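# Examining the three-dimensional arrangement
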Amino acid sequence: MKIEIDGKLLHITEGSNERVNDYLDFINRLSRDPDNYTLTRYSKIDEQRIIEWSKSWGKSTIMILAYNGSIVVGFFQASRGRYFGPDRQFHVAEIAYAVDKEFRGKGLIYVLFNEAIKRLEGVKILTAWVDERNLRSGKLLIKLGFEEACKINDFMYSQIEKIFCNFIMYVGDVEIVKTKLKEELARKNYNVHEE
């Protein structure tokens, strides 16, 4: 699928381990962004571990990538059974996402989220862990119908910042999230080009 955002035609596609280097380039760029709250904010990038993890893309992990030309400018991932395994929690998926600074606040995240959620057959519950300083992400999740489940102080140590960080866990019902996403996408009225 291709979508026009801010005058740029972006290609939205499912990630595969063949695209892992594009993803790595993106998160390496993100790691230099002070407004970034992906795991690269808390520790150095372990490229070999990410390459190994990419073998699960399209299986236990749904990975959606947004390309501007040949450069990844956003991703959305959803991993089933992250807490107690996919046998017991096939209906639960943990999500994570990031968008390049140039496309933040322009709705790309809704497009990525929507593409991922289409592929989460049988998932009923979505969870997300968000650094309490990441106000933008918290607002997004609340807007999409997630609820704050708990806050854990000193939940993650940032090796880069040398501090403990407080995290909030958000939980969302997939059907509510789908409805809210549909409303947001209709409001944005994007020019979509199906392939």
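Overview of the structure. It should be emphasised that the depicted structure is a prediction, and the values quoted were computed from it without experimental measurement.

## Considering the pairing of strand S1 (residues 2-5)
Burial along S1 is one-sided: the residues Ile3 and Ile5 are buried and none of Lys2 and Glu4 is. Bridge count between S1 and strand S2 (residues 8-14): four bridges; the pairing is antiparallel. Bridged to Ile3 within S2 is Leu10. Taking the residues that link successive antiparallel strands as the turn, the S1-S2 hairpin has two residues, and the phi of Asp6 there is positive, at about 55°.

## Side note on the environment of Ser70
Note that Ser70 resides in the loop between strand S3 (61-68) and strand S4 (71-80). As for Ser70 and Leu10, which are separated by 60 residues in sequence, their C-alpha atoms are 9.8 Å apart.

## A short note on the state of the cysteines
On inspection of all chains with the given rule, the structure shows zero disulfides. With no disulfide partner, Cys150 has as its closest neighbouring cysteine sulfur the one in Cys165, 16 Å distant. Judged by relative accessible area, Cys150 falls into the partly exposed class, the value being 27%.

## Regarding the nonpolar core
Nonpolar side chains in soluble globular proteins tend to be buried together. If you look at the biggest cluster of nonpolar residues, it comprises 40 residues, and the most contacted ones within it are Ile12, Phe76, Ile95, Leu108, Phe113, Leu126 and Phe146. Ranked by residues supplied to this core, first place goes to helix H3 (residues 108-118) with eight residues. When sequence neighbours within four positions are dropped, the list of residues in contact with Ile95 reads Phe76, Gln77, Ala78, Phe113, Leu126, Thr127, Ala128, Leu141 and Phe146. Counting residues in hydrophobic clusters, the runner-up holds 14 residues, among them Leu24, Ile27, Leu65 and Ala98.

## Things to note about the packing of aromatic side chains
Under the definition given, this model contains twelve aromatic pairs. Through a chain of ring-to-ring contacts, three or more aromatic side chains come together here, namely Tyr23, Phe26, Trp53, Trp57 and Phe75. The aromatic ring of Tyr37 is capped on one face by Arg41, whose charged end is 4.1 Å from the ring centroid.

The rules we used
Residues numbered from 1 in each chain as written. Predicted model: local features only at pLDDT ≥ 70, side-chain atom pairs only at ≥ 80, totals over all residues. Heavy atoms only, no water. Buried < 20%, exposed > 50% of the residue type's maximum accessible area, 1.4 Å probe, protein only. Helix = DSSP H or I, 4+ residues; strand = E, 2+ residues; numbered from the N terminus. Pairing = 2+ DSSP bridges. Disulfide = S-S within 2.5 Å. Core = buried A, V, L, I, M, F, W, Y, C linked by side-chain atoms within 4.5 Å. Contact = heavy atoms within 4.5 Å. Phe/Tyr/Trp six-rings, centres within 6.5 Å; stacked < 30°, edge-to-face > 60°. Lys NZ or Arg CZ within 6 Å of the ring centre and 35° of its normal.

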